[in-house]
Each structure stands twice: as structure tokens, then as C-alpha cells.
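Residues per chain are reported as follows:
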Amino acid sequence: MAIGSRLHASKIINRLPYLISLDPEISDHMCRMLHVMLEPIYSIIRPLAGLTPNTTRSFAAASEVLAPPSNTLNHKFCQIFERVAIGGKRLHYPKWKFFYEPWKDELPEIRDCDALLKQLRQSLLFVGPHLHRDIVLLVKLIRIGRSHLNEVKSKDSQTISATRDSWVTVIAKYIFPAVSQIYSNPGIAQELWELIKLFPYQMRYGMYGEWKNEAYKIPELSLAGAECRSDTKYIMRRISKENVKIFGRRIGKLVHSNPTIVFSIILETIQSYDNQIPFIVDASRYLTDLEFDVLSFCLIEALSNPAKARLKDDGMSAPKWITALSNFTGTLCRKHTFELSGLLQYIANKLVLDQLYDLVVLQDIIGNMTGVRNLEEVTENEVEALAGGETLRREALKLESTRTTRKPSMRLLAALTEGGLEKVLGVLIAQQRRDCVFRENFSDVKVLGSVLDHVMDKEEYAKRFRSVRELCIEFGVEPEIAFHMLRPTLMYLVQKNSGMNSNLVMKNVENTKQANGSSGNPSEVEDNKMDVDETIITESGIWNPGLHDTIAEVVPLLPDTVWKCISPEFYVTFWQLSLSDIYVPGPRYRLEVTRQQSLIQQLDLEAKMGSSSDGMVNTAANVNKRRKEKERINIMISLLNREWKEQEENHAGVMERLEKEKMMWFAIQHSRKDIITYFMQYCLFPRCLISTADATYCAKMIHILHKMGTPNFSSLSLCDRILKKENIHASIISSSENEARNY
């Protein structure tokens, strides 16, 4: 092989393949020949290939200046890889060269990537697991692979698939084992990521799985893996808050070479000792993009471990190991940027298989990245704040500032939308909520709905969640959950179409009366209301044009007997409105503004006294800090006042709309008992069980119906039915803990 006779060498290796492991110099000879064969194709893509000759000459000149002089006239011959002492007292030391000059004359020059793959399948057999001995050749292969995959992007799918499969074999069998034997080289890891990221995450995770479960069966790699396991366990036993920086760097050095082994040990430790989660998340700052991708694979593998129980022995809650992994995943996703598509797809696949236990992972990801959390137990003051706007809710409920969650929430939104999972996850969770009576349940759709409403533009949200019919009929989602998911869309449509026909309301109502053959008596209009053609009602000007399609879509969702008592228009209005539409927490706004003003007075008093309550003296830095805090509070007061005014204007518009609609909500010719029954069955009970805010909405809505004097609505009969002992007992006994609390 040293003289370039590949044919004779291949015959010997085929008969004695173990020679490669016994004598690594064979691999060195093959790497030397691969350098020559790859030079034509690598010279085009090398980093300095695009520079002008003058620029490259200047680089070469600078290196020649630093190089010691050599005698280029009289060469001395030596064997390949022979180490020759150069230097000493001689000024012009001799230049050594290989004794057999035509050794590379018979080697083929590869100028095409397809030919390269065929040649690599033969040549790399001589290299085996020893590619790490030539790091320069390893980098060349990685860069050529990246260039090849970028070239075939515009070709047909069959060519792309064949090219990917060929490079997957090279990466899994030769490049990954080489990386595992190179100690702490983040440059190699980053170069490799530029190649790996061109594959879909399904293929990447498959390569990581082979790296973890198959590669370390090779004797050369088993030794490297054993050393890595020993070092990782040593670090995990000693890492703490005081030395997290030092040991974090040591973890990073180990991860650069053997990420699958290091992460497996770290995740096993976290499942037992969750107090180490902050230290590991802090140490992850030293990871490269490739290692974050491997970590996401290891997380999925740990979460899907079939040998571990998904419930505690009491059968009531999630075990410690899954809670620890969920907490670690959420914290890591917030602090660092890496691809979440695989993790989110894993959760979606679990939901398809009716396995709900991993929803705690989704809940922690959403809570950490967006600050949107499920409030289970809230006080009366907090319920008041829930009726306000975004600013009041964040200040009163002590939620995280949008400034700290903006970037993580946008990353989560991008991961959901790029994979088309925002709608899929919403529908799957809604379906599981429907079927939770027959199986265990761990989550609720309102968490995902809240985050999408929080970070997604209303118009973009409306494009993705379009109709009640699609959710209820095509996907089998319950109507109350479908309206919860579509409420941001309906609010956008109402605001977009508000005012379009407000000037024609009275005129169109008169036209409707004439079309029905009725007189001007409102009772006659009500008597014939349920028999009016749907197009006449929706075009009458009373209903917002943005709700016309939704009104028509809800008709087949409920039995016909329901629509003889309550109208589809009232049903849509009840489910479309939110608590902030029908109630403005004025006292809560006033209290929050007063609290902010008291903070300003306290800052002014501290400035006069010369020191603060926490002992800070009036240094220049502290004075500047107080000034910035005072500016922030003044901005918050102005935001609260402006939001308060906007809430009042919106509430006035909603109440005006309800006054116009109330005459056509309930049928006069049917008994109030049936109306109350259907109102409780399809409106009150389903909504009040969803959340505390929805339960408060139901109570406020009953009060509004009574206060407006809605025709054929008996608030006394409704209260009697609600407070009936049998109804209370049946409702609570069939509800979960949170649902019973809301009720």
C-alpha cells in the first residue's frame, strides 16, 4: 500500500481482514491514498477555493517566512511515516521525501461525487475504525458530503433518497466511530453538524441510535466508551453549584467525543436526583449544535423507555423520573436553541396511540418557553384579574414579562408551525379530553390553546383553525372544546367585520318583519322566529357577518329539538364571547394602578432619605437604577389606564350587541323548562367545567341575561335547577377535582 499497489493489498486484506485492527499503519496508508484521490473534487470546495491567486499567495508567503530553510537540491529518501529529526546546528537541513516517487501514478482521480461514493465503499474498508488517525481526511469527507447533499437538493426525490442513504452509511460506520476516538474537538463536531443537519430528523435519530447501540461493539470504541463512562460518572458525583463552571467545561469536553454515552448517564442521574437539573442546564452552554440534537434524541429515548412505570404505585400521579425529565426538558428548551420538531412529533405520536402520560412534557415546554401556565387554584382577586387584559393579568398574577419569554415563545411557535403540529396537537388533545372518561387523563386543551393565542398573530391563527364543522365533524372534537380552540379566530372575525352593517340594523329588522308577514309587535316576531329562513336571519343585520358561517355550521352539531328552544345564534354568541367581553374588572384596575403609584412614592421617599429599604445608599448606580425603575412603573401605569379604557369600550360594544340580539335568542312558543334544560346541558355545564375563568363567565352571563330582561328566560327557574340537591350531587360526583372546584 505504501507504493500504491491497491490491487495486491486488497487481495491480502480480503483474506486476512483482521490485519487492519492488528496494524493501524494499514489505515494510515489508505488515508494517504484517499488524500490523492479526493484532491480534484476537494480543491473546488475547500474554504480558500474562491479566493484570488494573489490572496492565496500572500497566505503561502507568510507561512514560508516562518518555516525553517531547507535544502531542496539534494533530497534524502526515507520510508513513509518515518519520523526524521529535523533541526540541530545545521542551517540548511536536508529535505526528505518518499523513496518511491511513482507511488500515486496508478491512483484514480475522483472528480464526481457519485464516483466518490462507489470508491469510498471500497477504500474505507481498509480504514475501518481508524479514520480518527487522519483528522484532515475526516474533515475533507465531511465537507465533500455536505457539498454533495446540497447539489442534489434540486433533483428528483429518488436521487435525493439514494444519495442520503449512501452518506448515512459512511457517517454511521466510519465518521461517528472516528469522532468517538478524537478527544474534545468541537471544530469537528460543528463541521459534522453542517452535514448532519441536511438530513431529516428521522434519519438523524436513526444514525444516533446506531451510534449508541451498535458502534461501541467495535473493540476500539468499547475502550473509548468505557473511559467516557468512568469520567462522566466521576463528574456527576462531584458537580455542584460551586464548581458548575469547572465541571461544566469537563462535561463539554467529554460530550464532543461521545455525546450518546454522556447524555445517557446524565439523564439517568437526573431521573434520580432532580436537584442537579439547574447545574446540567447551566453546563450545557458548552455544547455544540450537534450535541444538542443528540440530546433531543436521548431525551426521547429516555421518555419512551418501556421498562419504567408511567404511574406511581397509588395510580394517581406521574412518577418522579418522568417529572424530572419533563422539568429538565422545559428548562433546557427555554435557555438554549435547538430543534424541537422531533420532541413535539414524539408527543403527537404518543397521543395517537392514546398514551397521555408524556403530556406533562408538553405542559412544561409550554410553561417554560411562553410563561403560559395552567392556573388550578386561584383567589377571588386573581379571578378578577383574569377578566382584564394582558397587562393586568401579568401584573396581578405575577406572570413572567413578555420581554423574557418573547424569543423562546417564537421558537416554539416556529417549531409547531414548521411541522404543522399546532393544529394536530390541538385536535389530538381535544380528542383525548373527549375520551378521558374511558381512560386516564393528564392534561387539558386550554394550555395549548392559550400558548397559540399568546404568540400567534390573530390572522395567522384564523388561517389554521378555520371552522367548527371541521373540528367537530371531521375530527370528532366536542363542541365546547372546538369553540375554545376557535375563540381567537371568532374574535378576529368579529373585530374584522364589526361596524359593517350596524347602520342597517333597524331597517333590516323591519324588512325581516315584513318578510315574515308579522306586524310590529315584537312578540309576533318571536313567535315566528324559529321558522324564519336561515339566510334571512343571518342577513338581517343583527348578527355580525363574521359569525354567519359559524352559525350555519353549528346546526348539525346538536339535535333538532334543541334549536326549537334556543337559537343557533345564541349558542354561537354564548361560546364566542369571553369573560373580558362581558365584565370589566374596574376595581382591580384601580387597585393595581394605586399599587404602582405607591411604588413610585416609595422610590421618591428612598431618594430623599438617602438609602433604600434594602440598605442601598445613594450611589450613582443606585440613583440610576431607581430612575429606570420609576420610568418602568410610569409606563406600566399608562399601559394599565389605556387597557382599562379599551376594555370599557369593548364591553360597551358587546353589551350593545347583546341588547340587539336578545329578542331572537329563545323561542316564545316553547316552555321555559325545556329552554332552561337545553341551556344548562349545552351551554352552562360544559363551559363552567373548563376553567375558573369560564365558570365565572357563566355566572356573569346568567346575571346579564336576567338584567337585560331576556324574553322567555327565567333566571329563577335556572337558579332552582342549578342549586337542586340532586343536580349538584350528580355534577360533582361525575367531575374531576379541578372540574368540581370550578363548578
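Higher on the page you've got the structure.
These numbers were taken from a predicted model, which means no experiment stands behind them.

### Considerations on the packing of aromatic side chains
Inspection of every chain in the model, using the stated rule, returns 22 aromatic pairs. Plain terms: the ring middles of Tyr205 and Phe297 are 5.8 Å apart, the flat faces sit at 45° to each other, and that makes the pair tilted. With a gap of 92 residues between them, Tyr205 in helix H9 (residues 201-213) and Phe297 in helix H14 (residues 289-303) connect regions that are remote in the sequence. We classify Tyr205 as buried; its relative accessible area is 11%.

### A short note on the packing of helix H31 (residues 568-576) against helix H35 (residues 672-688)
Two numbers describe how H31 lies on H35: the axes approach to 11 Å, and their chain directions differ by 10°. Between H31 and H35, the angle is such that the two are roughly parallel. Residue-level inspection shows Phe570, Tyr571, Phe574 and Trp575 of H31 in contact with H35, the latter providing Phe679, Tyr682, Cys683, Leu684, Pro686 and Arg687. Residue composition of the contact of H31 with H35, by class: 9 nonpolar, no polar and 1 charged.

### Structural notes on the side chain of Thr710
Tracing the chain through its elements places Thr710 in the loop between helix H36 (692-707) and helix H37 (715-722). Leave out the neighbours within four places in its chain, and Thr710 touches Lys662, Trp665, Phe666 and Leu705.

### Thoughts on the nonpolar core
Residues Leu131, Trp167, Leu192, Ile196, Tyr208, Ile251 and Phe328 are the most contacted members of the largest nonpolar core, which totals 120 residues. Ignoring anything within four residues of it in the chain, the contact list for Ile251 reads Ile235, Met236, Ile239, Val262, Ile266 and Ile280. In terms of nonpolar packing, the next biggest core, distinct from the first, is built from 59 residues, Ala387, Val427, Leu684 and Cys698 among them.

### As for the side chain of Ser580
Checked against the element boundaries, Ser580 lands in helix H32 (residues 579-582). For Ser580, a relative accessible area of 17% translates into the label buried. At a separation of 3.3 Å, a polar atom in the side chain of Ser580 contacts the side chain of Ser578. Ignoring sequence-local partners within four residues, the contact set of Ser580 consists of Ala387, Gly388, Gln647 and Asn650.

### Focus on the environment of Leu718
By secondary structure assignment, the location of Leu718 is in helix H37. With a relative accessible area of 0%, Leu718 lands in the buried category. It is 9.4 Å that separates the C-alpha atoms of Leu718 and Arg672, two residues lying 46 residues apart in sequence. For Leu718, the contacting residues outside a window of four places in its chain are Ile676, Phe679, Met680, Leu684, Ile702 and Phe713.

Analysis parameters
Residues numbered from 1 in each chain as written. Predicted model: local features only at pLDDT ≥ 70, side-chain atom pairs only at ≥ 80, totals over all residues. Heavy atoms only, no water. Phe/Tyr/Trp six-rings, centres within 6.5 Å; stacked < 30°, edge-to-face > 60°. Helix = DSSP H or I, 4+ residues; strand = E, 2+ residues; numbered from the N terminus. Buried < 20%, exposed > 50% of the residue type's maximum accessible area, 1.4 Å probe, protein only. Axes fitted to C-alpha atoms, helices over the stretch in contact; angles between N-to-C directions. Parallel < 35°, antiparallel > 145°, perpendicular 65-115°, else oblique. Contact = heavy atoms within 4.5 Å. Nonpolar A, V, L, I, M, F, W, Y, C, P; charged D, E, K, R; others polar. Core = buried A, V, L, I, M, F, W, Y, C linked by side-chain atoms within 4.5 Å. Polar contact = N/O pair within 3.5 Å; in protein donor to acceptor, adjacent residues only side chain to side chain.

What is shown is where atoms sit, not what they do.
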